[in-house]
Amino acid sequence: MKHLLLIFLGIFLLPSLSLQAQERINFNEHWKFKLGEQTGADKKDYNDEDWRNLTLPHDWSIEGDYDENHPMGDKCGYLPAGIGWYRKTIQVPEEWKGKSVNITFDGVFMNSTVWANGKKLGNRPFGWITFQYDISKEVDTNNEITFAVRVDNDAQPSARWYTGSGIYANTWIDVKSKLHVPMSGIFVRTKKDEVTITTEIQNDFDKTQKGELITSIVDANGKEVAVAKSKLTIGAGKHQEITQKLKIANPHLWSTVSPYLYKAITKISSKKIDEEYITNFGVRDVEWKPGEGLFINGVETKMRGICNHQEAGALGAAVPDKILRFRIQQLKDMGVNAIRTAHNPQTPQFYAMCDEMGMIVMDEIFDGWHKKAANDYGAHFFKEWWDRDLTDWIKRDRNHPSIIIYSVGNETKGEEEAKALVERCHELDNTRPVTSGHSGSDHMDVFGVNGHSERKGFFDHLSNDRVFVGTENTHTWQVRGFYRTKTWYRDGYPCVRHQPYEYPDLTEEEVFTYDWTKSANKKSYKQIFTSSYDNAIVRLNSRQNIEQLRDIPNYAGSFRWTGHDYLGEAGFVHGGWPFKASIVGAIDLANFEKDLFYLYQSQWTSKPMIHILPHWTHPTLEKGTEIPVWVYSNCDEVELFLNGQSLGKQNPGTSWDKMQCEWLVGFQEGELKAIGYKDGKAIVNQIIRSADAPSQLKLTVDGEGMKNQKEDIVQVRIASEDAKGEFYPYGENRSFYHVEGSGRVKALDNGSPVDVEKHFEAKDRIAFYGLTRAYIESTDADGAIDLYVGAILGEKRLITSKQVHIDVEKISLRGKSSKGKIDIYYTIDGSRPTTASSKYTVPFSIELGTTVKAIVVLENKEIMIMHEKFAKDEGFEWKTVMTAANPGGDQAEDATFDGVTISTEGENFNGKGFIDYGKNEGGYVEFYQENDGSEGEYTLRLRYSAAKRDIQEHTLTLDVNGMKQVIALPSCDNYRKEWKEFEVKVKLGIGANTIRLTALKVNGFCLDEMKAI
């Protein structure tokens, strides 16, 4: 938990409850919630009878519908934001009176205000910080307290990625003596075998208190290994710090391999007072050696890292502990040993899990020190609040052994801000260095650089005056189950601005032709799926990044962007709606591993593994078409077989282009088998086979099963298979869900970046490349839970088979599995089936244009109604002409604008239209331009058409981040048919840039697109 961990007796606070003093009580149950502004809801006597009852943590945004018009927009994932209210009324236990009592929130996004019985306790704008309010006076003077919390996430976008909305983290009531350790009041430092502990003690009594501070250290077995005692005398209302030094003989050291934890037990003894606090900590020595890198306990350690946001796909920002732990372990299994908390602190339990699991943390607090999104913290609150938020953050987190470095900013500007932030970090904790994602770099202890560090030649000029970390390195894109053999660059190749490495195509002509939709349905050239071959990049592929990290001594760590896909940032790279997410992870939104996961595993782990890509189901490919077959493995040697015939052995190499074993294999249906050898012995293998049309479902649980507790959660994997049990990799049939017993569907997902159906309490979901995810939650502490999943299965366009199968599978999640007869009745004429309809017993054939409907009856009770349409325009495209996308510009009609209009009256324009300025002086278009490289001079290329009416040149003001210049663009001969390009030099900063084009003197001026090169 947090570094200050009060004794927690596992008691949940009910409306009336007798309690002992000095406790941390979980305060998550029995809250009421209502979305929207609620006048008077801060008052004690407000009537909240019609409000929804819920248990925290809670994220109301993820519960809503995706909508292209929601103000969160592409940056935050098109989900609802707004204002929400929470209320909770409790009876005050007599034992609380005369105590120090606080209400604590581990995270509320954002702009929270808290009241107790109508009295305002305070507000916190920052959405990613733990804070508390003293309610001792309210406790002493009332027998009942009504808490009200107003959360204001209305002004959007409030970040550049999905944030969630609401009280997304735990809440607590902390009950202590008036002589106590305040929140975050214990600071543990270690050096070799010496432990230095500074304890803050607050005396809220009205008299001087005398006593003793006793600190003991116990090991993982509960044995006391050191103790220190100090006398204390603290005046009324005063505060005192006491520093004690202890020694542990031959301490067990914390590391990523052996994350050993000790406990510091802090006791305050004074007359009738006996307060005790427990702080988990680890003993480890961390050295940052310029020119050499990072050393933990004297051992050189490369940070094999990833960046991750707070949210987890369909679960939003309120990530259940079990899922959070699963995701951290998933990254460990991939070979990751470090996480950067991009770009804000995470919940306290995240750090505790990293301590226990041996995961290094780069703890980051801020994205920008100034505006990066229109209504983010940097735009409105940083100047006033940064010091308080940073102080609370460091004091909360500084005892975690997993945290070895702080980061204070990401692709932002401000020399004075950088200096002040670093100085304050050092004041609060001088045991850890400070870095940033390429922000105020001259002031940082460790030199951190984002995408700029991927540029060709960067390391040729890297100084060794400080240790270097690639804070976002590398950026690659991949969609699970999607493949292209042609290399793709986000901004084209060669892009002077990025200076990318050149990577050859895998084949001269593109092999694969399927796509998520046809080109006519795409609103932007950016709306493409990207390849899982590690050949869709900005500047640098994943394999070369792995090689650089391994071989360059001063390169201490690389944090790829990202570990898991995340909601938001859907416009800049992916062109926006229906893209809702960023597809940069090695693992997708639904916690399904991509091929890239296994690349890292092959390079960063030692347990024998092997992985083949792509799959071997290609029903539209001509026989003999040569497919690049890659095998990732950490074995000495790999042998590949096609239908039992060896295609030869290869040795995985150490250079980036040899990390995968590669065979060009002429396609024929059947079986691919890869065998991995160590010391000449076969020790691991994988077999993949061509699958027929889908005919059944397979249900399994990923991670831990369901526990005997209320609101526990499991994640069920639903896979599409053929009749032989082979995975069908194009599966996109809709599955339907029913829970029998003490459970419910909390959310459904599939990992798709373009599926914009609602997640929360959904009843059905399409599969995405063969997989669907169900999150099932228990509704009480015991009782059996059975999940039924059904689907009408077949190829959506009947490519190789006209057969339809209907399957219903059951998985028992807790307790004794129920028994009951399942019957299925169906229709093929579009009518709703009844028990008088055809009973399903065997597969049947249909023609294109058929909608199949079915009901599922369990012991004479209808539990599902299912539907599936089979037609030539359903599902993804099997045959599309797909080449590397022409990296055009950002479309003006997708930008922010005022005083101008969108028009489609013309020819030869790009996108779905263009902006018509008419002759409106003052009308403008404003582009958001992300720059994940270094600041510097770039070229803006404007594509426009201008009429030859009464002026030969049209003038506009070009404003780039407040730097203005007037530009004059010549008119065109064929207005709205001829489009010219105009180039102008500008200076772009790191990170977020705003580019505004405002009309000065125009008469018939149209802007089609803008591109920064």
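Residues numbered from 1 in each chain as written. Predicted model: local features only at pLDDT ≥ 70, side-chain atom pairs only at ≥ 80, totals over all residues. Heavy atoms only, no water.

Participant: Break down the overall build of the protein chain for me, with residues and values.
Facilitator: In terms of helices and strands, the protein chain carries 9 helices and 65 strands. Since a compact globule built from 1013 residues should have a radius of gyration of about 31 Å, the 30 Å found for the protein chain is in line with a globular shape. Taken along the three principal axes of its C-alpha coordinates, the protein chain extends 85 × 80 × 70 Å. For the protein chain, restricting intrachain contacts to residue pairs at least 6 apart in sequence, the fraction spanning at least 24 positions comes to 72%. Of the roughly 37500 Å² of accessible surface on the protein chain, 46% is carried by carbon and sulfur atoms. Computed over 123 positive and 145 negative side-chain charges, the separation of the two mean positions in the protein chain equals 3 Å. (Helix = DSSP H or I, 4+ residues; strand = E, 2+ residues; numbered from the N terminus. Rg over C-alpha atoms; globule rule 2.2 N^0.38 Å. Contact = heavy atoms within 4.5 Å. Areas by Shrake-Rupley, 256 points an atom, 1.4 Å probe, with all protein chains shown as cover. Lys, Arg positive; Asp, Glu negative; His and termini not counted. Charge placed at Lys NZ, Arg CZ, Asp CG, Glu CD.)

Participant: Tell me about the packing of helix H8 (residues 542–551) against helix H9 (residues 595–604), and name the residues and values.
Facilitator: Where H8 meets H9, the closest approach of the two axes is 11 Å, and the angle between their N-to-C directions is 25°. Judged by the angle between their axes, H8 and H9 are roughly parallel. The way H8 lies across H9 gives a crossing that is right-handed. Residues Ser542, Arg543, Ile546 and Leu549 of H8 form the contact with H9, whose own contacting residues are Leu596, Leu599, Tyr600, Gln603 and Trp604. Grouping the constituent residues of the contact of H8 with H9 by class yields 6 nonpolar, 2 polar and 1 charged. (Axes fitted to C-alpha atoms, helices over the stretch in contact; angles between N-to-C directions. Parallel < 35°, antiparallel > 145°, perpendicular 65-115°, else oblique. Left-handed = near helix turned anticlockwise from the far one by under 90°. Nonpolar A, V, L, I, M, F, W, Y, C, P; charged D, E, K, R; others polar.)

Participant: Give me the lowdown on the sheet that holds strand E64 (residues 991–1001), citing residues and values where you can.
Facilitator: With antiparallel pairing, the 5 strands of this open sheet are ordered in space as E56-E59-E64-E61-E62. In the strand order of this sheet, the two ends are held by strand E56 (896–898) and strand E62 (963–970), each with one partner. Averaged over neighbouring strand pairs, the angle between their axes works out to 25° when direction is ignored. Where strand E59 (residues 924–931) meets E64, 8 bridges bridge the pair, whose relative direction is antiparallel. Each residue of the ladder has a partner; that of valine 925, found in E64, is leucine 997. (Pairing = 2+ DSSP bridges.)

Participant: Outline helix H3 (residues 321–334), listing residues and values.
Facilitator: End to end, H3 covers 20 Å across 14 residues, agreeing with the expected 20 Å (1.5 Å per residue, within 8%). Along H3, the positions that sit buried rather than exposed are Lys322, Ile323, Leu324, Phe326, Arg327, Ile328, Gln330, Leu331 and Met334. Immediately beyond the C-terminal end of H3, within one or two residues, lies glycine 335, with a positive phi of roughly 105°. (Expected span 1.5 Å × (residues − 1). Buried < 20%, exposed > 50% of the residue type's maximum accessible area, 1.4 Å probe, protein only.)

Participant: A description of the packing of helix H6 (residues 382–397) against helix H7 (residues 415–428) should follow, citing residues and the corresponding values.
Facilitator: Contact geometry for H6 and H7: axes closest at 10 Å, N-to-C directions at 30°. Taken together, the axes of H6 and H7 lie roughly parallel to each other. In the crossing of H6 with H7, the sense of the turn from one axis to the other is right-handed. Seen from H6, the contacting residues are Phe382, Trp386, Asp387, Leu390, Thr391, Trp393, Ile394 and Lys395; seen from H7, they are Glu417, Ala420, Leu421, Arg424, Cys425 and Leu428. The class makeup of the residues in the contact of H6 with H7 is 9 nonpolar, 1 polar and 4 charged.

Participant: An account of the pattern of salt bridges is requested, with residue identities and associated values reported.
Facilitator: Throughout the structure, instances matching the rule amount to 72 salt bridges. As a salt-bridge pair, glutamate 862 and arginine 832 come within 2.7 Å of each other at their nearest N and O atoms. Placement of glutamate 862 in strand E54 (residues 861–870) and of arginine 832 in the loop between strand E50 (822–827) and strand E51 (838–839) is noted, with a sequence separation of 30 residues between them. According to the relative accessible area criterion, arginine 832 is partly exposed, its value standing at 46%. For arginine 976, the salt bridge goes to aspartate 916, with nearest N and O atoms at 2.3 Å. Of this pair, arginine 976 sits in the loop between E62 and strand E63 (980–988) while aspartate 916 is found in strand E58 (residues 914–918), placing the two residues 60 residues apart along the sequence. As far as burial versus exposure is concerned, arginine 976 and aspartate 916 are alike and both buried. Residues joined by salt bridges that share partners form a network here, namely Arg160, Asp367, Lys372, Glu569 and Glu930. (Salt bridge = Lys/Arg side-chain N within 4 Å of Asp/Glu carboxyl O.)

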